[in-house]
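Coordinates in review
Each chain, written out:
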Amino acid sequence: MYVCMYFFFQDVLNERLDKRVDAMLEQGLLREIRAFHNEHKIDKSKTDNSTAYTRGVLQTIGFKEFIPYLEQFDAANDQKIDEYLRLNAYKMPTEEHFKAQKPRSINVTRATESQKQKENENESATSSQAQHELDREVELELGSNTTVPTNKSPALPAGMDVLNSCLNELKLVTQRYSKKQIKWINNRFLGSKDRQVPDLYELDTSDVKLWQAEVYARAVAVIESYRSGVVCEIQPMTRRQHPGAGLNEEISNYCKSCQRHFIGEFQWQLHLKSNKHKKRRESIRKKERAKGLGTITGDVKS
């Protein structure tokens, strides 16, 4: 049996993942996550917020990244943002646009004095636009928390900057997850010399214009050689040494600190070196010191 694998350069894959997130926004992402949030809304008075979104369905990629926005803004604000995006072909504002929308801190007295001075000095030359800008500055200082629009940068709906941060976080998490998937594939198929796994054939899909030659034709050649029982002219990918080679993969390990089971010495060692485990151990250590216990929760092998 042969396996054909679609192959991407990581930068090409990252670009496609980012575009997929942008497409999700256009296809109703805000409405979907709002409905999901309302259905699974957490009672913060009964739940530790730091761990609320780390268990079960609430830890799903594509939801927890939007918690900062969902908890600060409501469905009515979603509609305003969606209307803005619809009018702008669902393109998020640029960084320059966000910077231009930051409110300015202005002293009311200084603004008022500046206004009078300009009216006295340039009464005949003051335009209605300049007057509007001065009035707007005073309005901001008197309590308005809206942003200051400019001719080139129309006002953004509230929460747009928070939503943008959430989208960027989702893109980053998705890219990170794709790296883990590629690593798993390599270890599973290319790093298993002692396990019966099929040959892996590389199909480069980086340039879709070359799909017919680089993907379709090569995949057909591999499949036809298998069906005909002949040696394929296309060479399979080279096997590599698995980082866990020689380790006991049958042993069971339990981490009391993280309350998780691990099968195999390789996975166990990866866990012990992980930042998540180290932070958990340090957190327990601090709590035990505060209580004066002087002991640290250990881990068990079996």
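Above this text sits the structure in question.
Note that the coordinates shown come from a computational prediction; the quantities given were computed from them, not determined experimentally.

Once that is clear, we can look at the packing of helix 2 (residues 29–39) against helix 4 (residues 75–87). Contact geometry for helix 2 and helix 4: axes closest at 10 Å, N-to-C directions at 170°. It follows from the interaxial angle that helix 2 and helix 4 lie roughly antiparallel. In this structure, helix 2 uses Leu30, Arg31 and Arg34 to contact helix 4, whose residues at the interface are Ala75, Asp78, Ile81 and Asp82. Partitioning the contact of helix 2 with helix 4 into residue classes produces 3 nonpolar, no polar and 4 charged.

The next subject is the nonpolar core. By size, the foremost hydrophobic cluster in this structure holds 25 residues, and its most contacted members are Phe66 and Tyr69. Elements with a minimum of two residues in this core: helix 1 (10–26), helix 2, helix 3 (67–72), helix 4 and helix 8 (160–190). At 6 residues, the largest contribution of residues to this core is made by helix 8. Once you skip the residues sitting within four places of it in the chain, Phe66 turns out to touch Leu29, Ile33, Leu163, Cys166, Leu167 and Leu170. One finds Phe189, Leu190, Leu200 and Met237 within the second-largest nonpolar core, a separate group that totals 5 residues.

Together, Trp211, Tyr216 and Val220 line one region of the surface with nonpolar side chains, adding up to about 280 Å² of accessible area. Inspection of the secondary structure puts Trp211 in helix 9 (residues 211–228). The class of Trp211 is partly exposed, set by a relative accessible area of 36%.

Moving on: the pairing of strand 4 (residues 260–263). Looking at chain direction, strand 3 (residues 252–255) and strand 4 are connected through 4 bridges and run antiparallel. For Asn253, the partnering residue across the bridge sits in strand 4 and is Phe262. Between strand 3 and strand 4, which pair antiparallel in sequence order, lie 4 residues; one of them, Gln259, sits at a positive phi of approximately 55°.

Here we come to the pattern of salt bridges. Counted according to the given criterion, the structure contains 8 salt bridges. In this structure, the salt-bridge partner of Asp78 is Arg34, at a minimum N-O distance of 2.7 Å. A residue pair is termed long-range when its members are at least 10 positions apart, and Asp78 in helix 4 and Arg34 in helix 2 qualify at 44 residues. In this structure, Asp78 and Arg34 share a single accessibility class: buried. When the shortest N-O distance is used, the salt bridge between Arg239 and Asp199 registers 3.5 Å. Within this pair, whereas Arg239 is found in the loop between helix 9 and strand 3, its partner Asp199 is found in strand 2 (residues 199–204), the two being separated by 40 residues in sequence. Exposure remark for Asp199: the relative accessible area of 28% places this residue in the partly exposed category.

Here we take up the state of the cysteines. Here the structure, examined in full by the defined rule, presents 0 disulfides. Here Cys258 stays free of any disulfide, with the sulfur of Cys255 as its closest cysteine sulfur at 3.7 Å.

Thresholds applied
Residues numbered from 1 in each chain as written. Predicted model: local features only at pLDDT ≥ 70, side-chain atom pairs only at ≥ 80, totals over all residues. Heavy atoms only, no water. Axes fitted to C-alpha atoms, helices over the stretch in contact; angles between N-to-C directions. Helix = DSSP H or I, 4+ residues; strand = E, 2+ residues; numbered from the N terminus. Parallel < 35°, antiparallel > 145°, perpendicular 65-115°, else oblique. Contact = heavy atoms within 4.5 Å. Nonpolar A, V, L, I, M, F, W, Y, C, P; charged D, E, K, R; others polar. Core = buried A, V, L, I, M, F, W, Y, C linked by side-chain atoms within 4.5 Å. Buried < 20%, exposed > 50% of the residue type's maximum accessible area, 1.4 Å probe, protein only. Patch = residues over 30% accessible without salt bridge, like charges linked within 9 Å, V, L, I, M, F, W, Y side chains within 5 Å. Areas by Shrake-Rupley, 256 points an atom, 1.4 Å probe, with all protein chains shown as cover. Salt bridge = Lys/Arg side-chain N within 4 Å of Asp/Glu carboxyl O. Pairing = 2+ DSSP bridges. Disulfide = S-S within 2.5 Å.

Function cannot be read off these values alone, since they describe shape.
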